[in-house]
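As a plain string of letters, each chain reads:
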Amino acid sequence: MGLFLLVIFILLAIMVGLTIHEIGHFVFAKLFKVNVKEFAIGIGPKIYSKQFTNIKFSINLLPIMAFVRIDSKKSLQVFGELRDEYQKEADEYYLQHKEILDGCEKYITIEKNGQLRKQSTWHVRAKYNSYLKKIDKYANFSRKIDGTLIIDEVPKWQQLIIYFGGIFFNLILFGLFYLIQVTALNNNSNPFIQIGDSFLTILKNMVFYNAWTTGPKAPGTSFGSVAEVGGARWNKFQPITTSNS
């Protein structure tokens, strides 16, 4: 269980870092009126997506990266070429299956091995619809939104700020974690070691962690008593304050 929690913790830490990094790109792009088409967390099949006015927010299955899709001259050109390629393939496919696609029949009769058989037409329609979806997707990605800029149209110094905005936000996150762990541990050891130690300390002393590790080994242990143990362990890491009376 400890190894499992550690893996989950590492994945969460990576995703938080990557998400904050991409938020940095996003914030500065919006600040300079550069259009962002998509903000995505994770890669692979989509779990959730929502289209806002000019941006699509997505959460994908594999939590190993995040990205923002910022408009640029190159991206608009590439997506435009992809749109044209899929449009050409869709037109050719339509001509090959025009009778099926224009008709309403769910089945067609074909001759196979000297026998007449019925065959479903759903796969033909499904493939054609997949072409249409890709055309619509790349048409949207290749379209320049009125009232916005592409990154090539802003000054070089603004481009650099957008490019390095992710690192800037990561430094802010690092500073925040450093402040938290200094406050929590109140010692003067190596800051890089402190951050790792503080994360593990907080994880090991969470109430639910104690419930998982202590509960099975101590029959009859109630959630309340486990919570008290967790609270006691957490309290010993709090800064000690003294007052002069």
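Since the model is a prediction, treat every value here as computed from it, not as a measurement.

**Q** Tell me about helix 2 (residues 73-96), residues and numbers included.
**A** Spanning 24 residues, helix 2 covers 35 Å between terminal C-alpha atoms, matching the ideal 34 Å at 1.5 Å per step. Along helix 2, the residues classified as buried are S75, L76, F79, G80, Y86, A90 and Y93. Looking at the buried residues of helix 2, the elements they touch are strand 1 (36-51), strand 2 (56-70) and helix 4 (122-141).

**Q** Residues and numbers for the environment of L82, please.
**A** Locating L82 in the fold gives a position in helix 2. For L82, a relative accessible area of 25% gives the class partly exposed. Once the C-alpha coordinates of L82 and I135 are considered, the two residues, 53 residues apart in sequence, prove to be 8.0 Å apart.

**Q** Hey, could you go over the side chain of N35 for me, with residue numbers and the actual values?
**A** Note that N35 resides in the loop between helix 1 (2-31) and strand 1. Using a relative accessible area of 0% as the deciding quantity, one classes N35 as buried. A polar contact of 3.0 Å, which involves the side chain of N35, links it to the side chain of D71. Apart from residues no more than four positions distant in its own chain, N35 is found in contact with K30, N54, R69, I70, D71, I145, T148 and L149.

**Q** Which residues make up the UniProt feature "transmembrane region" (unreviewed entry) in the protein chain, and what values do they have?
**A** In this structure's numbering, the residues bearing the UniProt feature "transmembrane region" (unreviewed entry) are residues 160-180. The annotated region residues 160-180 carries 100% helix and 0% strand content, and the separation between its end C-alpha atoms amounts to 30 Å.

**Q** An account of the pattern of salt bridges is needed here, citing residue identities and associated values.
**A** Under the criterion given, the structure shown has 6 salt bridges. The salt bridge partner of K37 is D71, with a shortest N-O separation of 3.1 Å. Within this pair, whereas K37 is found in strand 1, its partner D71 is found in the loop between strand 2 and helix 2, the two being separated by 34 residues in sequence. Neither residue differs from the other here; K37 and D71 are each classed as buried. Of the charged contacts, one joins K144 and E153 as a salt bridge, the two residues approaching to 3.9 Å between their closest N and O atoms. Residues joined in a network through salt bridges with shared partners are E38, K46 and R69.

**Q** Tell me what's going on with the packing of aromatic side chains, and back it up with residues and numbers.
**A** Per the stated rule, a full pass over the model turns up 11 aromatic pairs. Each ring, one from F79 and one from F141, has its centre 5.1 Å from the other, and the planes form 50°; the classification is tilted. With a gap of 62 residues between them, F79 in helix 2 and F141 in helix 4 connect regions that are remote in the sequence. Of the two residues examined, F79 and F141, each falls in the buried class.

**Q** Just give me the short version of a nonpolar patch on the surface, but keep the residues and values in it.
**A** A contiguous nonpolar surface patch, about 790 Å² in accessible area, is contributed by L3, F4, L6, V7, I8, I10, L11, L12 and I14. Since its relative accessible area comes to 41%, V7 is described here as partly exposed.

Parameters and conventions
- Residues numbered from 1 in each chain as written.
- Predicted model: local features only at pLDDT ≥ 70, side-chain atom pairs only at ≥ 80, totals over all residues.
- Heavy atoms only, no water.
- Helix = DSSP H or I, 4+ residues; strand = E, 2+ residues; numbered from the N terminus.
- Expected span 1.5 Å × (residues − 1).
- Buried < 20%, exposed > 50% of the residue type's maximum accessible area, 1.4 Å probe, protein only.
- Contact = heavy atoms within 4.5 Å.
- Polar contact = N/O pair within 3.5 Å; in protein donor to acceptor, adjacent residues only side chain to side chain.
- UniProt positions renumbered as here; feature names shortened; annotations may be inferred.
- Salt bridge = Lys/Arg side-chain N within 4 Å of Asp/Glu carboxyl O.
- Phe/Tyr/Trp six-rings, centres within 6.5 Å; stacked < 30°, edge-to-face > 60°.
- Patch = residues over 30% accessible without salt bridge, like charges linked within 9 Å, V, L, I, M, F, W, Y side chains within 5 Å.
- Areas by Shrake-Rupley, 256 points an atom, 1.4 Å probe, with all protein chains shown as cover.

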